[in-house]
Amino acid sequence: MTAEHAEALAFDCFAFLATRPEVFERFAELSGLDPATVRQRAGERDFLSSVLDFMLTNEGLLVDFCESGSVDARDLHSARHMLGGR
């Protein structure tokens, strides 16, 4: 997993969240950011890490994302680690 791939995968997760208004609102609420600020920070590494954290803590959402894009959930864990996570 390269840093570029990790960032791209996290951005894909962010785009996935954006297609689900109620989930996106919950993410914005938990992040403490208003939707405009969320969009402004979308390319920042720490923000992308928080997107992955959000995805990894919601199994149903994680499964939906992985199935929609043929992504292995382990890749999200690897991406989170690459971006400075756990």
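These lines cover the structure that appears in this document, whether it is placed above or below. This is a predicted model, so every value here is computed, not measured.

## A word on the packing of aromatic side chains
The geometry of two aromatic rings is summed up by the distance between their centres and the angle between their planes. By the definition in use, this model includes six aromatic pairs. Ring plane angle 50° and centroid distance 5.8 Å describe the contact between Phe-11 and Phe-14, whose orientation is recorded as tilted. Of the two residues, Phe-11 and Phe-14 are both situated in helix α1 (residues 3–18); the distance of three residues between them amounts to about one turn of the helix. For Phe-14, a relative accessible area of 8% translates into the label buried. Both rings, one in Phe-14 and one in Phe-24, keep their centres 6.0 Å apart while their planes meet at 55°; by these two values the pair is tilted. You can see Phe-14 sitting in helix α1 and its partner Phe-24 sitting in helix α2 (residues 21–31), a full ten residues away along the chain. In this pair, the class of Phe-14 matches that of Phe-24, namely buried. Aromatic ring contacts, followed pair by pair, group Phe-11, Phe-14, Phe-24, Phe-27, Phe-47 and Phe-54 into a single cluster.

## Thoughts on the packing of helix α4 (residues 45–56) against helix α5 (residues 59–69)
Where α4 meets α5, the closest approach of the two axes is 6 Å, and the angle between their N-to-C directions is 110°. Considered as vectors, α4 and α5 are oriented roughly perpendicular to each other. Along the contact surface, α4 presents Phe-54, Met-55 and Leu-56, while α5 presents Leu-61, Leu-62 and Phe-65. Grouping the amino acids of the contact of α4 with α5 by side-chain chemistry returns six nonpolar, no polar and no charged.

## Some points on α2
The complete set of buried residues in α2 reads Val-23, Phe-24, Phe-27 and Ala-28. For α2, the arc enclosing every buried residue in end-on projection is 140°, short of the 170-degree limit, so these residues lie on one face. Exposed positions of α2 whose direction lies more than 90 degrees from the buried face are Pro-21, Glu-22, Glu-25, Glu-29 and Leu-30. Buried residues along α2 sit against α1, α3 (35–40), α4 and α5.

## Overview of the pattern of salt bridges
Tallying each qualifying case throughout the model produces six salt bridges. Across the pair Glu-44 and Arg-41 runs a salt bridge whose closest N-O atoms are separated by 2.8 Å. Among the residues examined, Glu-44 registers a relative accessible area of 35% and is labelled partly exposed.

Quick notes on the rules
Residues numbered from 1 in each chain as written. Predicted model: local features only at pLDDT ≥ 70, side-chain atom pairs only at ≥ 80, totals over all residues. Heavy atoms only, no water. Phe/Tyr/Trp six-rings, centres within 6.5 Å; stacked < 30°, edge-to-face > 60°. Helix = DSSP H or I, 4+ residues; strand = E, 2+ residues; numbered from the N terminus. Buried < 20%, exposed > 50% of the residue type's maximum accessible area, 1.4 Å probe, protein only. Axes fitted to C-alpha atoms, helices over the stretch in contact; angles between N-to-C directions. Parallel < 35°, antiparallel > 145°, perpendicular 65-115°, else oblique. Contact = heavy atoms within 4.5 Å. Nonpolar A, V, L, I, M, F, W, Y, C, P; charged D, E, K, R; others polar. Arc of directions from axis to C-beta. Salt bridge = Lys/Arg side-chain N within 4 Å of Asp/Glu carboxyl O.

Everything listed here is a matter of coordinates, which is why it stays silent on function.
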